Amino acid sequence: MIMRSDAAELLARIAGELSRHALGLSERLTEQMLHIEPELRGDSRVESLLRASVTGNVVIALHIYELGLDIDELEAPTEALEYARRMAQRGTSIAALLRAYRIGQRLFNDHMLGELTAATNDVALITSAVAEMTDRSFAYIDRVSQQVVTAYQDERDRWLQNQMAVRTARVRSILSGQRVDPDDSERTLGYRLDRTHLGMVIWSDAGADQLRAAKQMATAIADQLSCQGPPLLIPADESTLWAWLPQPELDVDPAAVRTPEQTWAAVGRPATGLEGFRLTHRQATQAQVVAMSAPAPQRASMSCSAQLGPIALMCSDLTATRAWISEILGSLARDDDATAQLRETARVFLETNGSFQTTAERLVLHRNTVQYRIRKAEAVLGHSLRERRLEVEVALLACRWLGSTVLQPVG
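From a predicted model like this one, the values you see are computed outputs, not experimental measurements.

Draft legend 1. Expanded view of the confidence of the model for the chain. For the chain, the mean per-residue pLDDT works out to 88, and 96% of the residues sit at or above 70. At the low end of the mean pLDDT range in the chain sits helix α12 (residues 311-314), at 83; at the high end sits strand β3 (residues 240-246), at 95.

Here it is in structure tokens:
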């Protein structure tokens, strides 16, 4: 007869072994959860919070089996509570949040079952261990989910009490394509929808009050672009701002706008009317995907949709993009300063239709320096820049915006 203590001892041994690899296990579970529940996806910050939440829960779950922790005394991981608050800020449904816990529990238990069957052929012992595991996992999820729901609801109530939440809800309705009353929406937002808009996404890592830094940047950009009226500013979360600038001066290059450190902006193209309001924002979010794919030190302070071309599409599979760039550029994709100079000179040279003089003026270089760099770039490349020009130009553009993410490490 199998004793309950035998099952607990087996679970403790397996959990102790898995604890040494908790981070890797958590990473796999997170990727599976994001695949199963698309509503949990977001920008890199939100997904980082999810990874931290999963890791915290996995560590505690393993310790329950390994150390026999009292579930009634456990508190939800701080990362899990913070993730719930961020989901409340973004308007993600509580149902999706709870479903994430159910999915995580199932995936974790499946993994534990695999470890059990690999550890013993004793069917009775496995059956007893599964029963023990099921009881404990449901008790833990029940306790933690109650705490997470409380954190979510408290944050959601606080968020909705603010008038900004009403405006945020209306903007999300517009962006989702729902039918809205334009006049009523303009009164709610305090912003006209029947004009030209420039959509932006601004985010910051500058200090504790990141949203304030983002707002200051949006206002400064609106002033520099001589907008006809104040911008519409909507917080996406505590560090990210959505902005629409009314009637900007289109002859001003947004990339030339001065920006503070540790604060970035992604910019769409100017577009008109309600559909233009959606379109320019969609372009700005695509530009943000490109910006966030590059390491922060190499990230452009302003990422403009009009300059990115197909790069946003390439961010969906950076591994494949890195391999393709290596195939097209060869050693010209090395991640060092000297090669970066050659790439940038070659990129501008192609952008100016092969003009040495215009390239020199654009880069503030002597014409002979440009000629030297072009010859050297072609020598590294192994052929003329005009050969396979389209592929080379796209690869150079991707290197400029994505940096070390797609380059070949030196050595």
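Draft legend 2. Quick peek at the packing of helix α4 (residues 78-90) against helix α6 (residues 123-161). Remark: α4 packs on α6, axes separated minimally by 8 Å, with the N-to-C direction vectors making an angle of 35 degrees. In terms of crossing hand, the pair formed by α4 and α6 is right-handed. Packed against α4, whose contacting residues are A80, L81, A84, R85, M87, A88 and Q89, the element α6 presents Q147, V148, A151, Y152, E155, R156 and W159 at the interface. Here the contact of α4 with α6 is built from residues that sort into nine nonpolar, two polar and three charged.

Draft legend 3. The arrangement of the side chain of S53 in detail. Residue placement: S53 occurs in helix α3 (residues 44-67). With near-sequence residues (within four places) excluded, S53 lies in contact with E79, A80, Y83 and Y101.

Draft legend 4. Region of interest: the pairing of strand β2 (residues 232-235). Of the two faces of β2, the one holding L232 and I234 and the one holding L233 and P235 are both buried throughout. One ladder, built from four bridges, connects β2 with β3; its direction is antiparallel. Residue L232 lies in a different strand from β3, and its bridge partner there is W244. Taking the residues between adjacent antiparallel strands as the criterion, β2 and β3 are bridged by four residues.

Parameters at a glance
- Residue numbers here run from 1 along each chain, matching the order of that chain's written sequence.
- Two thresholds apply to this predicted model, a pLDDT of at least 70 for residue-level local features and 80 or more for giving and counting side-chain atom pairs, whereas whole-chain, interface and lining totals are computed over all residues.
- The side-chain quantities take in all heavy atoms of the structure and omit both hydrogens and water.
- Residue-level confidence of the predictor, termed pLDDT, takes values from 0 up to 100.
- Secondary structure elements are defined from DSSP: runs of H or I of at least 4 residues count as helices, runs of E of at least 2 residues count as strands, and each element is numbered from the N terminus.
- Here an axis means a line fitted to C-alpha atoms, over the contact stretch when the element is a helix, while the angle between two N-to-C directions is reported on a 0 to 180 degree scale.
- Here is the rule for handedness: rotate from the far helix to the near one, and if that takes an anticlockwise turn smaller than a right angle the crossing is left-handed, while a clockwise turn gives right-handed.
- Residue contacts are defined here by distance: any two heavy atoms, one from each residue, within 4.5 Å place the two residues in contact.
- Each residue receives one of three labels: charged for Asp, Glu, Lys and Arg, nonpolar for Ala, Val, Leu, Ile, Met, Phe, Trp, Tyr, Cys and Pro, and polar for the others, Gly being one of them.
- Think of it in three bands: with a 1.4 Å probe and only protein chains considered, a residue is buried below 20% of the maximum accessible area for its type, exposed above 50%, and partly exposed in between.
- By the convention used here, strands pair only if DSSP detects at least 2 bridges between them.

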